[in-house]
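# Architecture and fold: a report
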Amino acid sequence: LGVAFWSPLAGGTLTGKYRSIAKDSVSRQQAWSGVLLKSENSTRETAIIDQLEAMARVHETTLLDIALAWLRQKHSSTSLSTITILGPRTLKQLDDNLHSLEITLSDEEIQILDTVSAVSMGSPHEIISSSQSAIYGAGSNQIFLNHPVA
């Protein structure tokens, strides 16, 4: 099965440029008549970007490099084929995107990013999951398989 990742940087969000605390967020807001087209708008996005920033410091690189390396490596140990569709508008952006090929994340780092970016399954999945041990006993986690993280 193949998957194509469209907008792997979430419209620029995973580069950190739309952080609510970014230095240039005020100037961006002024340039667009008080409106930011994209902003960090959930605790999940904040957690992902915080983790990308921490890893970027460790690897001495950019959030962009870490985000693209994460996607590239995410399914490398599975039979899932992935293609990341990049959308650079300038040669510099293309060079920046290609630089991510030099970054290798550990399995632990990939797991951390997968965990922090996991999408809530919502109702009824979370209700059923939280009540499994009460219904089936302490070994219920051996009965039901965990849902894969997207």
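All of the points below concern the structure found in this document. In this text, all values refer to a predicted model and were calculated from it rather than measured experimentally.

### A few points about the nonpolar core
With 18 residues, the main nonpolar core has L9, L14, L52, I66, L105 and L113 as its most contacted residues. Breaking this core down by element, the ones donating at least two residues are α2 (43-59), α3 (63-74) and α5 (107-117). Tallying contributions element by element places α3 first for this core, with 7 residues. Excluding its chain neighbours within four sequence positions, the residues that come into contact with L9 are L14, T15, L64, A67 and L68.

### What about the packing of α2 against α5?
As a packed pair, α2 and α5 sit with axes 9 Å apart at the nearest point and diverge in direction by 165 degrees. Looking at the two axes, α2 sits roughly antiparallel to α5. Considering the relative orientation of α2 and α5, their crossing is left-handed. Here α2 contributes R44, A47, I48, Q51, L52, M55 and H59 to the contact with α5, which in turn contributes E109, I112, L113, V116 and S117. For the contact of α2 with α5, the class distribution of residues is 7 nonpolar, 3 polar and 2 charged.

Conventions we followed
- Residues numbered from 1 in each chain as written.
- Predicted model: local features only at pLDDT ≥ 70, side-chain atom pairs only at ≥ 80, totals over all residues.
- Heavy atoms only, no water.
- Core = buried A, V, L, I, M, F, W, Y, C linked by side-chain atoms within 4.5 Å.
- Buried < 20%, exposed > 50% of the residue type's maximum accessible area, 1.4 Å probe, protein only.
- Helix = DSSP H or I, 4+ residues; strand = E, 2+ residues; numbered from the N terminus.
- Contact = heavy atoms within 4.5 Å.
- Axes fitted to C-alpha atoms, helices over the stretch in contact; angles between N-to-C directions.
- Parallel < 35°, antiparallel > 145°, perpendicular 65-115°, else oblique.
- Left-handed = near helix turned anticlockwise from the far one by under 90°.
- Nonpolar A, V, L, I, M, F, W, Y, C, P; charged D, E, K, R; others polar.

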